[in-house]
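# Observations on chain architecture
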Amino acid sequence: MPNIRFTISTASDVQAAIRMHAEAAGMDVSAYMVAAAVAQMARDDAATATFAALDARNQAALEQTVDVSEADLPSFDALAADEQALVRRVLNSALGSDTASVA
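Residues numbered from 1 in each chain as written. Predicted model: local features only at pLDDT ≥ 70, side-chain atom pairs only at ≥ 80, totals over all residues. Heavy atoms only, no water.

### A closer look at the side chain of Gln84
Summarising the element assignment, Gln84 is placed in helix α3 (residues 81-95). In terms of polar contacts, Gln84 uses its side chain to reach the backbone carbonyl oxygen of Leu79, at 3.2 Å. Leaving out residues up to four positions away in the same chain, Gln84 has contacts with Phe76, Asp77 and Leu79. (Helix = DSSP H or I, 4+ residues; strand = E, 2+ residues; numbered from the N terminus. Polar contact = N/O pair within 3.5 Å; in protein donor to acceptor, adjacent residues only side chain to side chain. Contact = heavy atoms within 4.5 Å.)

Below is the structure:
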């Protein structure tokens, strides 16, 4: 199978560093870049395989939520006094002010 050529662009300092590393490894830049890309692809494939079962479970769980309706949230006035106080403390903590408007 013939090799197919393509070009990549980098900043000049990155290009110089790649060239230095390739020379230190006794490789030309093309071989060095191909080796680096193959190694990265192997790491990506290993990570994908490691998380495949979890990704499938997450996708299945997400699909189950399609039929779940959101509960209507109560208005601030419908909350008990202690719940209103908690909301005010959370807003004060988050916004840094106890004058935050609550709608």
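This is not the end of the story, as more comes after the structure.
### Structural notes on helix α2 (residues 29-64)
For an α-helix, 3.6 residues make a turn, and residues three or four places apart therefore share a direction. Taking 1.5 Å of rise per residue, the 36 residues of α2 would be expected to cover 52 Å, and the 50 Å separating its terminal C-alpha atoms lies within 8% of that figure. The axis of α2 is deflected most strongly, by about 50°, at Ala52. (Expected span 1.5 Å × (residues − 1). Bend = angle between axes of the 7 residues up to and from the residue.)

### Quick word on helix α1 (residues 12-24)
Look at α1: 18 Å from first C-alpha to last across 13 residues, which is about the 18 Å you get at 1.5 Å a residue. At the C-terminal side of α1, Gly26 shows a positive phi close to 70°.

### Some details on the packing of α1 against α2
Packing of α1 against α2 leaves a shortest axis separation of 9 Å and a crossing angle of 95°. Comparing their axes, α2 and α1 come out roughly perpendicular. Residues Ile18, Arg19, His21 and Ala22 of α1 form the contact with α2, whose own contacting residues are Val29, Tyr32 and Met33. Split into classes, the residues belonging to the contact of α1 with α2 amount to five nonpolar, one polar and one charged. (Axes fitted to C-alpha atoms, helices over the stretch in contact; angles between N-to-C directions. Parallel < 35°, antiparallel > 145°, perpendicular 65-115°, else oblique. Nonpolar A, V, L, I, M, F, W, Y, C, P; charged D, E, K, R; others polar.)

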